[in-house]
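Okay, here's what each chain looks like letter by letter:
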Amino acid sequence: MPQGRRVSASDYLEISAYLQIAKNLEAMGAEAENEGRAVTEGVVVIDFGSQYSHLIARRARELKVYSEVVPSSSTWESVRHIQPKGVILSGGPASVYEPGAPTIPEWVFERGLPVLGICYGMQALVHQLGGSVIPGLRQEYGSASLHQDGDSCSLFLNLPQSFQVWMSHGDRVSELPPGFSSRAFTENSPVAALSDGDRIFGLQFHPEVVHTPLGVSILENFLMRACGCEGNWTAGNFVKDSVQRIREQVGDGRVICALSGGVDSAVTAMLAHEAIGDRLTCIFVNNGLLRLEEPERVEETFRSNLGLNLICVEATERFLAQLAGVTDPEQKRKAIGEEFIRVFEETASDLGQTDFLAQGTLYPDVIESETPENRASARIKTHHNVGGLPEHMSLQLVEPLRYLFKDEVRDVGLALGLPREMVYRQPFPGPGLAIRIIGEVTAEKLDMVRACDWIVIDEIKNANLYDQLWQSFAVLSDSRTVGVMGDYRTYGNVCAIRAVASEDAMTADWVRLPYEVLSRISNRIVNEVTGVTRVVYDITSKPPGTIEWE
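Residues numbered from 1 in each chain as written. Predicted model: local features only at pLDDT ≥ 70, side-chain atom pairs only at ≥ 80, totals over all residues. Heavy atoms only, no water.

Asks: Before we go on, may I ask you to explain the sheet that holds strand 14 (residues 396–398) in this structure?
Replies: Think of a sheet as strands paired side by side through backbone hydrogen bonds, with each pair either parallel or antiparallel. Taken together, the five strands give an open sheet; going across it, the order is 12-11-10-13-14, and neighbouring strands pair in parallel fashion. With partners counted over all chains shown, the strands left at the sheet margins are strand 12 (310–314) and strand 14, one partner each. Ignoring strand direction, the axes of neighbouring strands in this sheet form an average angle of 30 degrees. Taken together, the three bridges between strand 13 (residues 356–358) and strand 14 define a ladder with parallel strand orientation. The residue of strand 14 that forms the bridge with Phe356 is Gln396. (Pairing = 2+ DSSP bridges. Helix = DSSP H or I, 4+ residues; strand = E, 2+ residues; numbered from the N terminus. Axes fitted to C-alpha atoms, helices over the stretch in contact; angles between N-to-C directions.)

In structure tokens form, the structure reads like this:
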């Protein structure tokens, strides 16, 4: 069928008649293809541009069902590797009757998988299956009371007859597709939920947000009952599957791994080592943008304690040369990303034939960067290891964590036997202190922010707060301010302190640090760090801010 064509009732019945045959053939092929695989079920989240799309994927994973977010332009070949047992259609800002509005891929209907449409996803289902969507007389944003209607719906199994949901829409369903029935309504939405029975469902509200208190139960009913998922995706299974995938991708080749000392690159290195053994060489680059004593700690940990092949490269001068005169944060990230690749390529050439570069790219990196797989969402910042990579690389990327969130990576790290103190170390950005210095990066500014950061972490640990925070660090601003020290006028830099709580770095809230902790940090910084005359505390959450300042 042509992309986006409305499906008639006869088309729908004809497709359904062949579904069982197709499923049987598919199962035969999948059984052979996935022999030895740990992950044998998943759900595809098709992104129509909603700010909640990736939250849907998180909710599925929390229910131990593997999920990936893909654009509406995706093909069956691009998603079949996760063995989909269902499809969830996200919300989005478009209206289905607008020219160029995104449409549901035809493979969703052709494969006969259970489908759950959310908000715009429901409207797209109605539009493409022969129903009608029109602009609503009243928009509906915020909390609403949902009331079940008509025959019972398996999505609402064991849920009360009425409960609170979160709405965010302007259009509404005016005519149901053939074979569909309304399952619930609100004051402003006559059709707030619909289904064709037990295979295709639509919800006008958002079950993935915390403002729908029973939303997780609805998603669980869809995944476990409609899709037949078993909820068997665990960190241990992910390790087995990733090791297998790395072996398949690399074959007999050699891999270098970009090792930073953080949990992401450590888990990547351990997965690669498990897969290919001594054909892995880890490379740690001292780019001069690291925290105090970082290079020494990394070398000791990974060479002595974990037994990995490790090469340490001193590259401070070349990175600072690339950053000279650069003030734009996007340009900083791109310059750092490209220089990393060049260092890795040069080092790899000394090792003989090396074809692959393993790095600890995470899902938030991909989401916030503008990449071919992430065109529906706006670019927030270019991460040095995603959008900051050069166009021409001699090394192929191995990224086993590309679709994991940080908390999931930590679970994998524990499953691999990594030390807990390494696994739960606070995140440190790939571009390092370069994006914690506002303006041009210089050796003098690096010394200042490095000393400030050391004091922040020291006092946070002394207060037994380190494990309760997602991140805590210092930023050296480009503002200068007058101070008084020893009866003399001073004119120095402003240091900002940042401490946030988060689960996955997609959202974050500033932490209400005790005043006495803030007081000790401030007092130590202005007394111990030459050039800093004032300390401020950042109380901005994400959104509207980001965790890092640049």
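The structure having been displayed, the exposition proceeds.
Asks: Would you mind showing me how to read the environment of Phe185 here?
Replies: As for its position among the elements, Phe185 is in strand 7 (residues 181–185). With relative accessibility at 33%, the residue Phe185 sits in the partly exposed group. Put simply, Phe185 and Ser162 are 23 residues apart on the chain and 9.7 Å apart in space, counted from C-alpha to C-alpha. (Buried < 20%, exposed > 50% of the residue type's maximum accessible area, 1.4 Å probe, protein only.)

Asks: Hey, could you run me through helix 7 (residues 235–250) in this one?
Replies: Here helix 7 spans 22 Å end to end across 16 residues, near enough to the 22 Å set by a 1.5 Å rise per residue. Burial in helix 7 covers these residues: Asn237, Phe238, Val239, Asp241, Ser242, Val243, Ile246 and Val250. Turning to helix 7, the residues buried within the fold contact strand 10 (255–258), helix 8 (263–276), strand 13, strand 14 and helix 13 (406–415). Where helix 7 ends, the next residue or the one after it, Gly251, has phi of about 60 degrees, a positive value. (Expected span 1.5 Å × (residues − 1). Contact = heavy atoms within 4.5 Å.)

Asks: Explain the pairing of strand 10 to me, please; I cannot follow it from the model alone.
Replies: One face of the sheet, then the other: side chains in a regular strand alternate in exactly this way. Going residue by residue along strand 10, you find Val255 and Cys257 tucked away on one face and Ile256 and Ala258 tucked away on the opposite face as well. For strand 10 and strand 11 (residues 280–286), the ladder comprises four bridges, and the chain directions are parallel. Residue pairing for strand 11: Cys257 is matched across the bridge by Cys282. Of the crossover connections in this fold, the one passing from strand 10 over helix 8 to the parallel strand 11 is right-handed. Examined bridge by bridge, strand 10 and strand 13 share three bridges and lie parallel to one another. (Right-handed = clockwise from strand over helix to strand, strands pointing away.)

The analysis is restricted to geometry; functional conclusions fall outside its scope.
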